[in-house]
Amino acid sequence: MATYSTNEFKAGLKVMLDGDPASIVENEFVKPGKGQAFNRVRIRNLKTGRTIERTFKSGESIEAADVVDVEMQYLYNDGQFWHFMNPQSYEQLAADKNAVGDNAKWMKEQDVCLLTLWNGVPLIVEPPNTVILKIVETDPGLKGDTSGGGGKPATLETGAVVRVPLFVQNGETIKVNTRTGEYLARA
Amino acid sequence: MKNKSSGDWRSTATLEVLELRARLLQQIRAFFSARGVLEVETPVLSSAAATDPALASFTTRYTGPRFPHGQTLYLHTSPEFPMKRLLAAGCDSIYQICKVFRDGESGQRHNPEFTLLEWYRVSFDQHRLMTETTELVMSLLAPILKLDPPERVTYREAFLRHADIDPHTATVADYTTVAKRHNIDFPKDLMTRNDTAAWRDLLLTHVIESKLGQGRLTFLYDYPASQASLARLQPGNPPVAARFELYLNGVELANGFHELSDAEEQRLRFDHQLHFRAADGMLGVPIDERLLSALEHGLPDCSGVALGLDRLVMVASGARTIEEVIAFPIDRA
């Protein structure tokens with residue numbers, strides 16, 4: 001079992017916390033001049049996404065988590081799993097609903113996603129920061145109701161709904177920021 | 001990943017901060033010179049080391065004339081022991097500004113080598129030395145920071161006020177309850193070990209420190225006897241250690257004692273600390289027998305305090321990390 005001592009703690013280090021894989025967000029060494037040293041750590045549970053604070057005695061060791069990030073190409077969804085392929089090794093992996101979560105609405109075949117694997121199994125799937133998607137449904141009216149901030153809702157080919165400017169029409173492709181869900185430009 | 005061409009040969013401190021540092025050093029020397037306190041220098045390398053389990057010394061080795069077969073030497077964690085030998089040998093009040101070294105300490109407020117100002121005042125008790133510490137720090141900071149009048153709070157008052165717990169009577173179970181109330185996810189083995197001093201350090205660093213010295217100098221004094229370190233005990237119920245610490249804006253700046261002068265009591269504390277180190281699997285270190293001989297000869301009644309100069313520059317310049325006030329921290333050393 002690989003372990004890390006508090007001396008190895010730094011942002012991004014992957015460790016096991018209460019049986020779940022977790023990532024260190026922030027590590028602070030605190031010590032009274034003549035007293036016990038502690039590491040105050042903010043740490044994100046990679047399964048739940050929740051960040052908590054925990055204190056370790058300096059010098060303690062905790063179990064390392066076998067967590068790696070890999071870029072993989074999204075192939076298809078079979079109704080239950082999302083399938084990906086490593087473009088270098090052609091190795092294929094399937095991610096479940098827990099791993100993909102809300103990001104499913106941005107996933108388009110061929111796009112390269114970032115997969116966080118825990119013991120080789122996808123834990124988190126992140127789409128590219130920006131994606132180019134086709135509008136499948138939007139109100140054609142140029143003079144739409146402008147009370148909603150000067151835009152209108154548009155449904156994209158992946159099922160996501162984003163607000164687009166009034167001049168954007170059905171069948172057009174647009175560039176969207178997947179982190180904010182905002183329209184960026186026509187593509 | 002460090003980029004070799006990223007410029008890490010450069011200083012992490014700005015020129016302005018280095019100038020402030022130099023100015024403060026001059027002012028400190030002028031302050032003590034005006035008061036007739038003698039500047040001294042003592043060895044950085046010592047054949048003995050601090051036994052305090054909270055301090056880890058660097059070791060090195062000398063081989064050559066006088067020690068043809070080599071001699072293990074420890075880099076001092078503070079100049080306290082040789083300065084007390086000077087006092088016992090007849091020096092009146094003395095001060096020293098020097099680099100000290102502590103293994104294992106690196107963080108926002110820690111660098112393994114740092115600068116201490118340490119001074120001893122013959123015939124001062126802890127309160128008189130707190131007064132002089134205030135005079136020094138206020139003379140240095142008053143032109144830079146707007147500060148409220150200083151305050152003195154006993155260690156007990158601070159714990160009662162900010163953590164609602166009495167540090168002289170609380171049990172491990174009491175500390176556990178308070179830590180949980182403050183949402184501290186504490187190390188499990190603190191619960192199984194009957195080490196209330198470690199619990200107090202946990203609450204101090206996690207709950208209390210950030211509330212100390214907000215816009216003013218706050219002295220914490222009268223420490224629990226088990227944290228006396230090198231301070232003498234004062235009779236009372238319970239007896240407390242004549243020890244103080246200075247905080248400003250949540251940063252621990254200084255630690256002072258009405259110095260223990262009883263050689264026998266000092267030896268008992270050293271032995272006790274060495275037992276604790278052994279039980280904790282820490283490195284054993286040689287006791288400073290020359291200090292004990294000096295105490296047997298007779299240490300004048302005195303108080304001493306060590307002030308972290310880097311921390312002082314941090315507070316004076318508004319720096320968040322110690323790296324901003326030293327030219328080259330450990331990862332650029």
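It should be emphasised that the depicted structure is a prediction, and the values quoted were computed from it without experimental measurement.

The rules behind the values
- Residues numbered from 1 in each chain as written.
- Chains lettered and ligands numbered in written order.
- Predicted model: local features only at pLDDT ≥ 70, side-chain atom pairs only at ≥ 80, totals over all residues.
- Helix = DSSP H or I, 4+ residues; strand = E, 2+ residues; numbered from the N terminus.
- Contact = placed C-beta atoms within 7 Å.
- Pairing = 2+ DSSP bridges.
- Nonpolar A, V, L, I, M, F, W, Y, C, P; charged D, E, K, R; others polar.
- Axes fitted to C-alpha atoms, helices over the stretch in contact; angles between N-to-C directions.
- Buried ≥ 20, exposed ≤ 12 C-beta atoms within 10 Å, placed from the backbone.
- Core = buried A, V, L, I, M, F, W, Y, C linked by C-beta atoms within 7 Å.

Undergrad: Any details on the overall build of chain B? Residues and values, ideally.
TA: Secondary structure assignment for chain B yields 10 helices and 12 strands. For chain B, the C-alpha atoms occupy an extent of roughly 55 × 50 × 45 Å along the three principal directions. Restricting to contacts in chain B with at least 6 residues of sequence separation, those with at least 24 account for 70%.

Undergrad: Pulling in residues and values, what's your account of the pairing of strand E16 (residues 182–186) of chain A?
TA: Residues and elements named next belong to chain A. As defined by bridge partners, strand E15 (residues 173–177) adjoins E16 across four bridges and the pair is classed as antiparallel. Its bridge partner being in E16, Asn177 is matched across the sheet by Glu182. Following E15, the chain reverses through four residues before pairing antiparallel with E16; Gly181 in that reversal takes a positive phi of roughly 75°.

Undergrad: Explain the interface of chain A and chain B to me, and be specific about the residues and the numbers.
TA: Taken together, the contact between chain A and chain B spans 17 residues of the former and 20 residues of the latter. Counting residues per element, the ones that place at least two in the side of chain A that touches chain B are strand E3 (20–30) and strand E5 (51–57) of chain A. Sort the elements by how many residues they give to the side of chain A that touches chain B and E5 of chain A lands first, with six residues. Here the side of chain A that touches chain B is composed, by residue class, of six nonpolar, four polar and seven charged.

Undergrad: So, the sheet that holds strand E4 (residues 67–75) of chain B: which residues are in play, and what are the values?
TA: Residues and elements named next belong to chain B. Strand order across the open sheet formed by three strands is E2-E4-E3, with antiparallel pairing between neighbours. The open sheet has two edge strands with one neighbour each: strand E2 (45–46) and strand E3 (59–64). Bridging between E3 and E4 involves five bridges; their strand directions are antiparallel. Within the sheet, the bridge partner assigned to Tyr62 lies in E4 and is Gln71.

Undergrad: Describe the sheet that holds E5 of chain A, naming the residues involved and giving the relevant values.
TA: Residues and elements named next belong to chain A. Within the open sheet, the four strands sit side by side as E2-E3-E4-E5. Their pairing is antiparallel. Strands with a single pairing partner mark the edges of an open sheet, and in this sheet they are strand E2 (14–17) and E5. The average angle at which neighbouring strand axes cross in this sheet is 45°, direction not considered. Relative to E5, strand E4 (residues 38–45) runs antiparallel, the two sharing seven bridges. Within the sheet, the bridge partner assigned to Arg42 lies in E5 and is Glu53.

Undergrad: Give me the lowdown on unusual backbone geometry, citing residues and values where you can.
TA: All names here are of chain B. With an omega dihedral of -5°, the bond running from Asn237 to Pro238 counts as a cis peptide bond. Within the element layout of this structure, Pro238 appears in the loop between strand E9 (233–234) and strand E10 (240–248). Phi is positive for Asn183, which is not a glycine, with a value near 55°. Checked against the element boundaries, Asn183 lands in the loop between helix H5 (172–181) and helix H6 (189–192). Judged by the 9 C-beta atoms lying within 10 Å of it, Asn183 is exposed. The backbone phi angle of Asp222 is positive, close to 60°, even though this residue is not glycine. Tracing the backbone through its elements, the reader meets Asp222 in strand E8 (residues 216–224).

Undergrad: Can you lay out the pairing of strand E7 (residues 67–77) of chain A for me, pointing to particular residues and giving the numbers?
TA: Look at any regular strand and the pattern is simple: side chains alternate between the two faces of the sheet. All names here are of chain A. Pairing of E7 with strand E10 (residues 112–118) involves seven bridges; the strand directions are antiparallel. Note that in E10 the partner of Met72 across the bridge is Cys113. Here four bridges tie E7 to strand E8 (residues 82–85), and the two strands are oriented antiparallel to one another. The residue bridging Tyr74 from the neighbouring strand is Phe84, located in E8. Taking the residues between adjacent antiparallel strands as the criterion, E7 and E8 are bridged by four residues, where Gly79 takes a positive phi near 95°.

Undergrad: Describe the nonpolar core, listing the residues and the values that go with them.
TA: Of all hydrophobic cores here, the largest spans 98 residues; its most connected members are Leu202, Leu203, Leu220, Leu307 and Val325 of chain B. Broken down by element, this core gets its largest block of residues, seven residues, from E10 of chain B. Once residues within four sequence positions are removed from consideration, Leu307 of chain B is found in contact with Leu116, Leu117, Leu253, Ala254 and Leu312 of chain B. If you look at the next biggest cluster of nonpolar residues, it comprises 22 residues, including Cys113, Ala154, Ile174 and Val176 of chain A.

Undergrad: Can you lay out helix H10 (residues 309–317) of chain B for me, pointing to particular residues and giving the numbers?
TA: Residue and element names in this part refer to chain B. Taken across its nine residues, H10 has eight buried, putting it largely inside the fold. For H10, the complete set of buried residues consists of Leu309, Asp310, Arg311, Leu312, Val313, Met314, Val315 and Ala316. Looking at the packing, one finds that the buried side of H10 touches helix H1 (15–34), strand E6 (113–122), helix H3 (126–141), E10, strand E11 (251–258) and strand E12 (302–308).

These figures come from the coordinates and say nothing about function on their own.
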